[in-house]
Amino acid sequence: MYAIQAENIDKKYKNGVQALNNFNLSVKTGEIFSLLGQNGAGKSTLIRILTTYLKPTSGTITMLGKDIIRETATIRSEIACVAQQTSIDMYLSLVENMMFQSQLYRIPKAEAKKRMEILISDFGLKEYIEYPVSSYSGGVKRRLDIALNMMSKPKVLFLDEPTVGMDIQSRMTMWKMMRKIRDDFGTTIFLTTHYLEEADSLSDTICIMKDGKEVIQGTPFELRTYIKHDTLQIKFITHAEAKKYITTITEFCSLKEVRLQNDTIIINTKDSHADLKKVNCFLIENHISYNGIQIVQPTLEDVFLRLTAKDEGGM
């Protein structure tokens, strides 16, 4: 069963900007779904439409089996959205924030207290109860913000870049929390992130979008197999050294795709072991000094860069 299905979604603003263009996606119930795309790809517009703040120009969207236009009020009661700016009241305590949230959703006081105790325990917030909310770190504030939004028991939780600006320890705590929301609460999570390793580690399904369209959708494994060949990576001491030899190596490799990334020359190859031997011999015979050469399997970052590259050679 699908929690969200969007078909042929267009969104054109009054100023003429086409933010979404025949966009499609399917989000399964109870999964972590990650949306990836460069700035300006249309992610924010899509989120605002899915959370009922905007109406699409055309197309159909069903969420939890309901039409998002005709049954907006019902859908709003079954979803929650955690934006990049937290919704915490800094003048209230942790408990007061959570109980106030329960009042907004008209949750009976006894039931609200039970939910609050579970969320405080599950999200590791117990040790912070006695401290002012204003003194919390950014990571703890984010966890509290998500706990607030879980008070209403949403069936779909939208998280807009929840780990942006966090240190690695806070990010790992947040990843654990998101898995718990999916596994223990059965909540579908719709996640936007710029951290590709985060999407790769957490997601059941990933959608990459570009210029208002979906480019590809699938599991992390399916996306990695989109690029059906390995790469040879030749690492140099500096970017200048790598740039110095990029033309020579490109000419030697003939039809193979060769590109420069920082201090490394990357060669797409269908026969990685044979090409490794040939390129290595070429480098030695031509007295080209390098730090190392290795065969590397495609990563999610490789797929993302390939699919979102600018048409004018912006890869």
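Provided above is the structure to which this section pertains.
Residues numbered from 1 in each chain as written. Predicted model: local features only at pLDDT ≥ 70, side-chain atom pairs only at ≥ 80, totals over all residues. Heavy atoms only, no water.

(A) Spotlight on the sheet that holds strand β5 (residues 66-67). The strand order across the open sheet formed by 4 strands is β2-β1-β4-β5, and the pairing between neighbours is antiparallel. Looking along the sheet, the strands with just one partner apiece sit at the ends: β2 (18-28) and β5. Both strand β4 (residues 58-63) and β5 contribute to a ladder of 2 bridges, which runs antiparallel. Bridge pairing links T62 to D67 in β5. Together, β1 (2-12), β2 and β4 form the strand contacts of helix α1 (residues 43-50), whose direction differs from that of β2 by roughly 60 degrees. (Pairing = 2+ DSSP bridges. Helix = DSSP H or I, 4+ residues; strand = E, 2+ residues; numbered from the N terminus. Contact = heavy atoms within 4.5 Å. Axes fitted to C-alpha atoms, helices over the stretch in contact; angles between N-to-C directions.)

(B) Here's a closer look at the layout of surface pockets. Put simply, the largest pocket is a space of about 540 Å³. I47, T51, Y53, C81 and A83 are the residues nearest the centre of the largest pocket, which is lined by 30 residues in total. Residue contributions to the lining of the largest pocket peak at 5 residues, all from α1. By residue class, the composition of the lining of the largest pocket is 9 nonpolar, 15 polar and 6 charged. Along the wall of the second largest pocket there are 13 residues; nearest its centre are R115, L119, M150, K153 and F185. When grouped by side-chain class, the residues that make up the lining of the second largest pocket number 6 nonpolar, 2 polar and 5 charged. (1 Å grid on protein atoms, 1.4 Å probe; cavity = no way out; pocket = protein on both sides within 12 Å on 5 of 7 lines; lining within 4 Å. Points joined across faces, edges and corners; volume = space filled by probe spheres on them. Nonpolar A, V, L, I, M, F, W, Y, C, P; charged D, E, K, R; others polar.)

(C) Here's a closer look at helix α4 (residues 109-122). Look at α4: 20 Å from first C-alpha to last across 14 residues, which is about the 20 Å you get at 1.5 Å a residue. Those residues of α4 not exposed but buried are A112, R115, M116, L119 and I120. The buried residues of α4 occupy an angular sector of 130 degrees when projected down its axis, which confines them to one face. In α4, the exposed residues that point more than 90 degrees away from the buried face are A110, K114, E117 and S121. Next to the buried residues of α4 lie α3 (94-104), α5 (138-150) and α6 (168-185). Count one or two residues on from α4 and you reach G124, which has phi positive near 65 degrees. (Expected span 1.5 Å × (residues − 1). Buried < 20%, exposed > 50% of the residue type's maximum accessible area, 1.4 Å probe, protein only. Arc of directions from axis to C-beta.)

All we've got here are geometric facts, nothing functional implied.
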